[in-house]
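Notes for the structure review
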Amino acid sequence: MATTPGLLTNWPWKPLGSFKYVILAPWVVKSYYDYMIADANAKDPTAFFIFPFLLTRMLGNQIWISFSRYKTAKGKSRIVDKTIEFEQVDRERDWDDQIILNGLLFYVAYYNMEELKYLPLWRLDGVIIVILLHIGVVEFLYYWLHRLLHHHFLYTRYHSHHHSSVVTEPITSVIHPFAEELAYFVLFFIPMTTIGLTRTASLAAFGGYVTYLDIMNNMGHCNFELIPRSFFAIFPPLKYILYTPTYHSLHHTQFRTNYSLFMPFYDYVYDTMDKSTDTLYEKSLCRKEESPHVVHLTHLTTPDSIYHMRLGFASLASKPRTSSKWYLWILWPVTVWSMFITLIFGKTFIVERNVFKNIKLQTWVIPKYGMQYLIERQREAINGLIEAAILEAEGKGVKVLGLDLLNQGEDLNRNGELFIRRNPRLKVRVVDGSSLAVAVVLNTIPRGTTQVVFKGNFNKVASYLALALCHRGIQVAVSQKDHYQVLKSKLQSTDDQDKLVLSQTYSHKIWLVGDEVSKEEQMKASKGTLIIPYSQFPPKKVSKDCIYYTTPSMLTPNYLENVDSCENWLPRRVMSAWRIAGIVHGLEGWNVNECGNQIFDIDKVWEAALRHGFTLNKLFT
């Protein structure tokens, strides 16, 4: 929102929320109906192509978003080091509003101007007119409109909304109040109206011009430089007619320079070109790919998890994943296609970068889905990808690599021990985070608790958690005899052994649950039972009478930068204990692996996490 919102700031369909697309429905239906009932010789493809063209524009914008976020996460050619936060994601989530507006106006123009009906595919004279009008009229008028928008009166009421994003993303280009976007449309419509009235219009002229506007807008708002210096070396005058992401990025950081649209010519004419443009351009191009201190290695979960990643739909990634969105079913062809791509060309990729105090963090993704981890014949391939990621991290000088979710499965690689045995000289420390997970669950259990029961799969975290509880004098009940025998053999003192019982009852008020705790078991829990998971995947909430906690996690401090997406099903700025453990190891400089059957000092890692600003936040599902 602008500093002092002016007239027509809000978009008229804002109250409709996600259902705003229904306003296009009557126009789409009418255009398709008219096309279907028309005689074969009278069918007009012009209106028929408007809707597919709008969808193509949305797809193009999304590709730019994903590509830009991937490049800035890697760090190569990055321009501004400042970061994106949730506030910017929320402000820019309705980037598709301008496409809806354009669609409406396209349909209105078509049905009210006879000159726009039965357009040919190509006309050279119309294309030349569009080019000349853009260079001579649109660029000139935009320059002065833009300078006018920076006047205090209009800036505080309208344009300050756009400039709230100091670090730009492709979609920042279209984040404007409604009135401002209308002004831009009128400006850009000058060439299109001209070729319409002169009957020189063509589908190529209309589609090509709008596509050009989209590409240049998206490119200019990327936070990385992608125009090679060879362009300007081959043809030096190009610098007057082609802007760069660096050029426009300076406008967002300096505000009073670089006003031009896509052609910096008028900034040179009116002496508003930022003097540091060329220097920053060269500096950005020379910037190397970033080498992090800590890497968090995760994987895809469900087929539609690609949309919930930071590289996917920013608005989805910025919210906890509680359920699948209805519109994702429409995208199933894209989802299936992406699955084939990961199967054939699968390679670990970067999705996120963060900064914590003086260390750089990155999140890497193994291109395998949760269901693939359950297939035995996939294990060798998955372990190969994990090992390749560890060796890549080693080559980049990474200090700590944390294994997340199923990447540390006991059946898969014995909590990462497999990789240490294969590569005994590794300098990068492999951390599975079990110690902090245990610590978080221990401190989540209410004070005064005298007994707990374990349900579901029993794993490394459960084993050490049970031992710690017995040492603290809390009675631990387990339902399986083999688990009982293993735990009893690990308890040293007779007093501790007395705290361990074999029980099949469901009367306990504190349940510690792992993966695959059954629906039937949950339904047997008494009213008010606290269900606290020690697993990385949360249990499905079945009983309305029970209170379900989230998986082991902590709230991150405010100085953790570039947090603009949620970690799976966790709330904003909350991270899993396994991920935080890797960060803490990196901050403390602990030169030790935490994998296999071993666990790090629980109290030590807990105290370190609190000292670095992480806080326990008892969250419920």
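Residues numbered from 1 in each chain as written. Predicted model: local features only at pLDDT ≥ 70, side-chain atom pairs only at ≥ 80, totals over all residues. Heavy atoms only, no water.

**Topic: the overall build of the chain**
Of regular secondary structure, the chain possesses 25 helices and 14 strands. Taken over 621 residues, the chain has a buried fraction of 55%. Counting only contacts in the chain whose residues sit at least 6 apart along the sequence, the fraction spanning at least 24 positions is 72%. Accessible area for the chain stands at about 28200 Å²; split by element, carbon and sulfur atoms hold 61% of it. Separation of charge centres in the chain, based on 65 positive and 56 negative side chains, amounts to 3 Å. (Helix = DSSP H or I, 4+ residues; strand = E, 2+ residues; numbered from the N terminus. Buried < 20%, exposed > 50% of the residue type's maximum accessible area, 1.4 Å probe, protein only. Contact = heavy atoms within 4.5 Å. Areas by Shrake-Rupley, 256 points an atom, 1.4 Å probe, with all protein chains shown as cover. Lys, Arg positive; Asp, Glu negative; His and termini not counted. Charge placed at Lys NZ, Arg CZ, Asp CG, Glu CD.)

**Remarks on the pairing of strand E3 (residues 359-366)**
Taking burial as the measure, the eight residues of E3 include seven buried ones, the bulk of the element. With six bridges joining them, strand E1 (residues 294-299) and E3 adopt parallel strand pairing. Residue pairing for E3: Val 295 is matched across the bridge by Gln 362. Judged from the seven bridges that link them, strand E2 (residues 349-356) and E3 form a sheet pairing that is antiparallel. Bridge pairing in E3 links Phe 356 to Ile 359. The hairpin turn running from E2 into E3, its antiparallel successor, is two residues long, and Lys 357 in that turn takes a positive phi close to 55°. (Pairing = 2+ DSSP bridges.)

**Quick word on the pairing of strand E7 (residues 475-478)**
Where strand E6 (residues 451-455) meets E7, three bridges bridge the pair, whose relative direction is parallel. For Val 452, the partnering residue across the bridge sits in E7 and is Val 476. Read as a crossover between parallel neighbours, the route from E6 over helix H20 (residues 460-471) to E7 is right-handed. With three bridges connecting them, E7 and strand E8 (residues 500-502) associate as parallel partners. What sits directly across from Ala 477, in E8, is Val 501. (Right-handed = clockwise from strand over helix to strand, strands pointing away.)

**As for the pattern of salt bridges**
Under the criterion given, the structure shown has 32 salt bridges. The shortest N-O distance in the salt bridge between Arg 91 and Glu 87 comes to 2.4 Å. You can see Arg 91 and its partner Glu 87 sitting in helix H4 (residues 86-91), four residues apart, about one turn around the helix. In this structure, Arg 611 engages Glu 588 in a salt bridge whose closest nitrogen and oxygen atoms are separated by 2.6 Å. Of this pair, Arg 611 sits in helix H25 (residues 602-611) while Glu 588 sits in helix H24 (residues 577-588), and the two are 23 residues apart along the sequence. (Salt bridge = Lys/Arg side-chain N within 4 Å of Asp/Glu carboxyl O.)

**Points about the UniProt feature "transmembrane region" (unreviewed entry) in the chain**
Per the UniProt record, "transmembrane region" (unreviewed entry) is annotated on residues 46-67, 126-145, 182-210 and 326-346. Taken end to end, residues 126-145 has its terminal C-alpha atoms 26 Å apart, with 100% of it in helix and 0% in strand. Counted over residues 182-210, helix gives 83% and strand 0%. Its end C-alpha atoms are 15 Å apart. (UniProt positions renumbered as here; feature names shortened; annotations may be inferred.)

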